[in-house]
Amino acid sequence: MFKRARIAAKSAARRSTFARRVLAALLAASLLPAAASSVEARDPLLAYGARIVGDDARTRIVIDFDREPRFSVHYIANPERIVVDLPATAFGFPAKDLAARGLFKDIRYGKMDEESARIVLTTAGPVKLALAKVQADETGNGHRLVLDAEMIDKKAFAELVKTQSWSDRTEAAQTTSAIPAPQKAAPGDFVIAVDAGHGGIDTGAIGVDTKTEEKQVTLAFAKALTDRLNKEPGIKAFLTREDDEFLSLSQRVVIARQNHAGLFISLHADTLKQKDIRGATVYTISDKASDKLAADLAERENLSDQIAGKETVAEPPEVADILLDLTRRETQAFSISLAESVLNSFKDQVGTINNPHRHAGFRVLQAPDVPSILLEIGFLSNAEDEKLLLDETWRGKIAGLLTDAVKRYRAAVMANGG
């Protein structure tokens, strides 16, 4: 069954030089030059080839690297996933070469932080790696990671989850990222956390025409907004993430709170099945969704940690209720005020969907003491929206309008003794 994998390995090795050139071009053309230069400085591994073969009983994945990779494997339940942690790695092969099949129904890979990367294999049922090893390829020019997965029963999978250790270096690096701080925030400054949605292994939505990843769009807008806000006297804005790095939803909330943010603005550019829907939407938190579109979006956004292979620790229902009550009582009115200020700025300037202020249970908006909104700037599933989202002039216009909204919000809060 795996003969094709060995044949493909030889041709993959010959593609190594081409993949390097493609990767260099992609990095040079990226919307994230700071991330690119950082990656180059750290000399990441290059994964230049990949293939997957097998069926729903046994499946093999082979990934070609320019040199020997260190790796570790973990298992996560609900849903069943296999997580493969790697050092910093640039993935230079086409996504179609590692499209899910056989035992795997979804495969994600990408950067976690400056020092680590991750492959997340979501399985169709309980699965274990019967083989996980690195071996030199036949040409002597690199190494390959070989993962052989096979079916097991639920009891055996539960035992794998229970007996494993997560104390390796890559997991530690992911959970102890340095918290960024606003530049020279003076006493009395109005501090704003600008959150670029998604990042790293969590690419977010994909553009319908250009295939641009949402994580690039949100970071470009977040940087433009932060720069514009910081031109205003008495306002200091900072980014929750400054490059292509994965942050869990809870980390984003903690970063805002630990920097004493007075506002939290999370930027997104999702996709919808209805390609004709376009325009901006502003969301605030609620324990009950305003409509199905809001509920579906919140459900997708709340899966961010799962996509990245994070083990979700469920809170007791009473704790979750307390958090939502605190959010509603102490900050919901302020969040709604900010949402209305944003929509007033957008009026006759930026297209919005019908009923543009909606609400649902977004986990990233759960800071109990920080007024928060989630702004869908537009939809990457709509070709016209996609063009605007990639337009630098449009980006600057949005940043200016949002800054005006923040200034009005701040003035109203101060007028009321806030």
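What counts, and at which threshold
Residues numbered from 1 in each chain as written. Predicted model: local features only at pLDDT ≥ 70, side-chain atom pairs only at ≥ 80, totals over all residues. Heavy atoms only, no water. Helix = DSSP H or I, 4+ residues; strand = E, 2+ residues; numbered from the N terminus. Buried < 20%, exposed > 50% of the residue type's maximum accessible area, 1.4 Å probe, protein only. Salt bridge = Lys/Arg side-chain N within 4 Å of Asp/Glu carboxyl O. Core = buried A, V, L, I, M, F, W, Y, C linked by side-chain atoms within 4.5 Å. Contact = heavy atoms within 4.5 Å. Axes fitted to C-alpha atoms, helices over the stretch in contact; angles between N-to-C directions. Parallel < 35°, antiparallel > 145°, perpendicular 65-115°, else oblique. Left-handed = near helix turned anticlockwise from the far one by under 90°. Nonpolar A, V, L, I, M, F, W, Y, C, P; charged D, E, K, R; others polar. Pairing = 2+ DSSP bridges. Arc of directions from axis to C-beta. Expected span 1.5 Å × (residues − 1). Polar contact = N/O pair within 3.5 Å; in protein donor to acceptor, adjacent residues only side chain to side chain. pLDDT = per-residue confidence, 0-100. Phe/Tyr/Trp six-rings, centres within 6.5 Å; stacked < 30°, edge-to-face > 60°.

Peer 1: How should unusual backbone geometry be read in this particular structure?
Peer 2: In this model, N78 is joined to P79 through a cis peptide bond whose omega is -5°. Locating P79 in the fold gives a position in the loop between β3 (72-76) and β4 (81-87). Unlike most non-glycine residues, K211 shows phi in positive territory, near 65°. For K211, the position within the fold is in the loop between β10 (190-196) and α6 (214-229). Look at D348: it is not a glycine, yet its phi comes out positive at around 65°. Of note, D348 is situated in the loop between α11 (332-346) and β14 (352-360). For D348, a relative accessible area of 74% puts it in the exposed group.

Peer 1: What is the right way to read the pattern of salt bridges from this model?
Peer 2: Close approach of charged atoms allows side chains of opposite charge to pair. One pass over the full model with this rule turns up 26 salt bridges. With its nearest N and O atoms 2.9 Å apart, the salt bridge here joins R58 to E150. Here R58, found in strand β2 (residues 58-65), pairs with E150, found in strand β9 (residues 143-151); they are 92 residues apart in sequence, far enough to count as distant. Taking relative accessible area as the criterion, R58 reaches 27% and is therefore assigned partly exposed. Note on E150: relative accessible area 23%, which makes it partly exposed. Close ionic contact of E80 with K154 constitutes a salt bridge, the shortest N to O distance being 3.8 Å. In this pair, E80 is assigned in the loop between β3 and β4 and K154 in helix α4 (residues 154-163), connecting sequence segments 74 residues apart. Classification of K154 as exposed rests on a relative accessible area of 61%.

Peer 1: What exactly am I supposed to notice about the nonpolar core here?
Peer 2: Side chains of a nonpolar character, in soluble globular proteins, are inclined to be buried together. Membership of the largest hydrophobic core comes to 39 residues, with the highest contact counts inside it found for I192, V194, L267 and F346. Put simply, the parts of the chain that give this core at least two residues each are β10, α6, β11 (235-239), β12 (263-268), β13 (280-285), α11, β15 (372-376) and α13 (392-415). Here this core gets eight residues from one element, more than from any other, and that element is α13. Residue contacts for F346: discarding those within four places in its chain leaves A280, T352, L375, I398, L401 and L402. One finds I63, F65, L129 and F157 within the second-largest nonpolar core, a separate group that totals 29 residues.

Peer 1: Sorry, what's going on with the packing of α11 against α13 here?
Peer 2: Working note: a packed helix pair is described by the angle between its axes plus the distance between those axes. With their axes 8 Å apart at the nearest point, α11 and α13 run at an angle of 135° to one another. In terms of their interaxial angle, α11 and α13 are classed as oblique. When the axes of α11 and α13 are compared, the crossing they make is right-handed. Contacts from F334, S337, L338, S341, V342, N344, S345 and F346 of α11 reach α13 at I398, L401, L402, D404, A405, R408, Y409 and V413. Considered class by class, the residues forming the contact of α11 with α13 number 10 nonpolar, four polar and two charged.

Peer 1: What's the story with the pairing of strand β6 (residues 104-113) in this structure? I'm lost.
Peer 2: Looking along a regular strand, one sees side chains alternate from face to face of the sheet. Extensive coverage of β6 is indicated by the burial of seven of its 10 residues. The antiparallel pairing of β6 with strand β7 (residues 116-123) creates a hairpin that spans two residues between the two strands.

Peer 1: What exactly am I supposed to notice about helix α8 (residues 292-301) here?
Peer 2: Since the α-helix packs 3.6 residues into each turn, any two residues three or four apart lie on the same face. For α8, every residue scored as buried is listed here: L293, A294, L297, A298 and E301. Looking down the long axis of α8, one finds its buried residues gathered within 130° of arc, a one-sided arrangement. Away from the buried face of α8 by more than 90 degrees, exposed residues K292 and E299 are located.

Peer 1: In this structure, what is going on with α13? I would like to understand it.
Peer 2: For α13, spanning 24 residues, the distance from its first C-alpha to its last is 35 Å, which sits close to the expected 34 Å at 1.5 Å a residue. Where α13 begins, the capping side chain belongs to D391, and its oxygen is found 2.8 Å from the backbone nitrogen of T393.

Peer 1: Looking at this structure, I do not really get the environment of Y283. What am I missing?
Peer 2: In this structure, Y283 sits in strand β13. A relative accessible area of 0% places Y283 in the buried class. It is 9.3 Å that separates the C-alpha atoms of Y283 and L365, two residues lying 82 residues apart in sequence. In this structure Y283 touches L293, A294, L297, R358, H359, F362, L365, S372, I373, L374 and E376, once residues within four positions along its chain are discounted.

Peer 1: Is there a simple way to explain the confidence of the model for the protein in this structure?
Peer 2: As a note on interpretation, predicted positions should not be read in detail where pLDDT is low. Considering every residue of the protein, the mean pLDDT works out to 84; 80% of them sit at 70 or more. Confidence drops under pLDDT 50 across residues 1-41; counting only partners more than four residues distant or on other chains, this segment forms 41 contacts. Counting contacts from residues 168-178, a segment whose pLDDT is below 50, to residues more than four positions away or on other chains yields 23 contacts.

Peer 1: Got a minute to help me understand the sheet that holds β6 in this structure?
Peer 2: Paired through their backbone hydrogen bonds, the strands of a sheet run either parallel or antiparallel. The strand order β3-β4-β7-β6 describes an open sheet built from four strands, whose pairing is antiparallel. This sheet does not close on itself; its edge strands, each paired only once, are β3 and β6. Between one strand axis and the next, the sheet turns by 20° as a mean value, whatever way the strands run. Relative to β3, α4 is tilted by about 120°, and along the sheet it contacts β3 and β4.

Peer 1: Even after reading the chapter, I still don't get the packing of aromatic side chains, so can you show me in this structure?
Peer 2: Centre distance and the angle of the planes are the two values used to describe a pair of aromatic rings. A complete count under the given rule lists six aromatic pairs for this structure. Judged by centre distance (6.1 Å) and plane angle (90°), the rings of F91 and F93 are edge-to-face. Just as F91 is buried, F93 falls in that class too. Ring pairing ties together the aromatic residues F91, F93 and Y109, which thus form one cluster.

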